[in-house]
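This is what each chain is made of:
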Amino acid sequence: MTAFPTLIAQISDLHIKRPGELAYHHVDTAAALSRCVHELNRFWPRPDLIVISGDLVDTPAKEEYDHLKTLLAPLEIPFVAIPGNHDDRGWMRAALPEQPYVQPDGALNLATSFGDLDIVLLDSSVPGTSHGLLDADTLRWLDAMLGGAPKRPALLFLHHPPFVTGIGHMDVQNLRNAADLAAVLRRHKRTRLIAAGHVHRSVLTMFAGVAATICPAPNHAVALDLDARMPPSFRIEPPAFHLHAWFPGNDFGDAVTHLVPIGDFDGPHPFFGPHGKLL
Ligand SMILES: [Fe+2]
């Protein structure tokens, strides 16, 4: 591994409301995002790019996108964003005109790159519903895009996880056509990571032979409820984001995901004293 990875920070499920409104009458998602932006701006080394993996706003409403833009204005790092089930494609497209979406209408898919690494974002939202689906145009575009540069590694982002978590009320609204995505990924074996959101928790698994993650949220967490009889609920847990580090190397390099807690914590404290002696 080299000492200079490409760093992609992923933040997810911001659920921004109108100014002064709380999500679920309880969570100040605007304050949570501001703390997250502060954490991203002070993180060193600075991430090359931020991916926002859906649910940028909550209702959705145009005023919420206006509020989102105000809250993101202090962010000193470029970002790309895809919708989740709480977003509206039309309002999101209008609010973020600089985003390089490949289609003039429909799904908000995009691809960008850093040096030898491709970063692919898929719109898995379905207008008017909570579950996810990749439409035919999206799957066709992904197939052509991955097939067009078979030697380049890619990181893939989408809102809805294409796998179950064991949290029943979330699993029923994950990606419905995960098998279609798996078929594309198996055809072009250059994806090193699949990174989702939606569940507001840090999760790690494998999908179609590729490492797969869910990003935690800066606000509330879906309760870790693996008993399907429990009513759906959320908890205020330590806020965090994911930092995906990609190291160039053989066989498409290595992708490593770090969980970064948001907040002020004791430290850093040195391990070693002035003469290299362990303290
Ligand atoms: Fe969601």
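Above: the structure in question.
Residues numbered from 1 in each chain as written. Predicted model: local features only at pLDDT ≥ 70, side-chain atom pairs only at ≥ 80, totals over all residues. Heavy atoms only, no water.

Looking only at helices and strands, the protein chain has six helices and 13 strands in total. Taken over the C-alpha trace, the protein chain has a radius of gyration of 19 Å; the compact-globule value for 279 residues is 19 Å, and the two agree within 12%. Every one of the 279 residues in the protein chain was classed for burial, and the buried ones make up 52%. Relative to all contacts within the protein chain whose residues are 6 or more apart in sequence, the contacts with residues 24 or more apart total 66%. When the accessible area of the protein chain is evaluated, it comes to approximately 13,100 Å², of which 59% is carbon and sulfur surface. Averaging the positions of the 22 positive and the 30 negative side-chain charges in the protein chain gives two centres separated by 5 Å. (Helix = DSSP H or I, 4+ residues; strand = E, 2+ residues; numbered from the N terminus. Rg over C-alpha atoms; globule rule 2.2 N^0.38 Å. Buried < 20%, exposed > 50% of the residue type's maximum accessible area, 1.4 Å probe, protein only. Contact = heavy atoms within 4.5 Å. Areas by Shrake-Rupley, 256 points an atom, 1.4 Å probe, with all protein chains shown as cover. Lys, Arg positive; Asp, Glu negative; His and termini not counted. Charge placed at Lys NZ, Arg CZ, Asp CG, Glu CD.)

With that settled, the discussion passes to helix α2 (residues 62–72). Inspection of α2 places Glu64, Tyr65, His67, Leu68, Leu71 and Leu72 among the buried residues, and these make up the whole buried set. Seen end-on, α2 carries its buried residues on one side only, within an arc spanning 160 degrees. Residues of α2 that are buried make contact with α1 (29–42), β2 (49–53), β3 (79–82) and α3 (89–95). (Arc of directions from axis to C-beta.)

By the criterion of burial, strand β6 (residues 154–158) is predominantly enclosed, with five of the five residues buried. On β6, burial covers both faces: Ala154, Leu156 and Leu158 on one face and Leu155 and Phe157 on the other are all buried. Sheet topology note: the strand β5 (residues 117–122)/β6 ladder contains five bridges and is parallel. The residue bridging aspartate 118 from the neighbouring strand is alanine 154, located in β6. As defined by bridge partners, β6 adjoins strand β7 (residues 191–196) across four bridges and the pair is classed as parallel. The residue of β7 that forms the bridge with phenylalanine 157 is alanine 195. (Pairing = 2+ DSSP bridges.)

Direction vectors running N to C along α1 and α2 enclose 30 degrees, while the axes themselves pass 9 Å from each other. Judged by the angle between their axes, α1 and α2 are roughly parallel. For the element pair α1 and α2, the recorded crossing hand is right-handed. Judged by residue contacts, Ala30, Leu33, Ser34 and Val37 of α1 engage His67, Leu68, Leu71 and Leu72 from α2. Residue composition of the contact of α1 with α2, by class: six nonpolar, two polar and no charged. (Axes fitted to C-alpha atoms, helices over the stretch in contact; angles between N-to-C directions. Parallel < 35°, antiparallel > 145°, perpendicular 65-115°, else oblique. Left-handed = near helix turned anticlockwise from the far one by under 90°. Nonpolar A, V, L, I, M, F, W, Y, C, P; charged D, E, K, R; others polar.)

This part covers helix α4 (residues 136–147). Over its 12 residues, α4 extends 16 Å from the first C-alpha to the last, a length consistent with the 16 Å expected when each residue adds 1.5 Å. Along α4, the positions that sit buried rather than exposed are Thr138, Leu139, Trp141, Leu142, Met145 and Leu146. Seen from one end, α4 has its buried residues packed into an arc of 160 degrees, which puts them on one side. Exposed side of α4, more than 90 degrees from the buried face: Arg140 and Ala144 are the residues found there. Buried residues along α4 sit in contact with β4 (110–114), β5, β6, α6 (178–187) and β7. (Expected span 1.5 Å × (residues − 1).)

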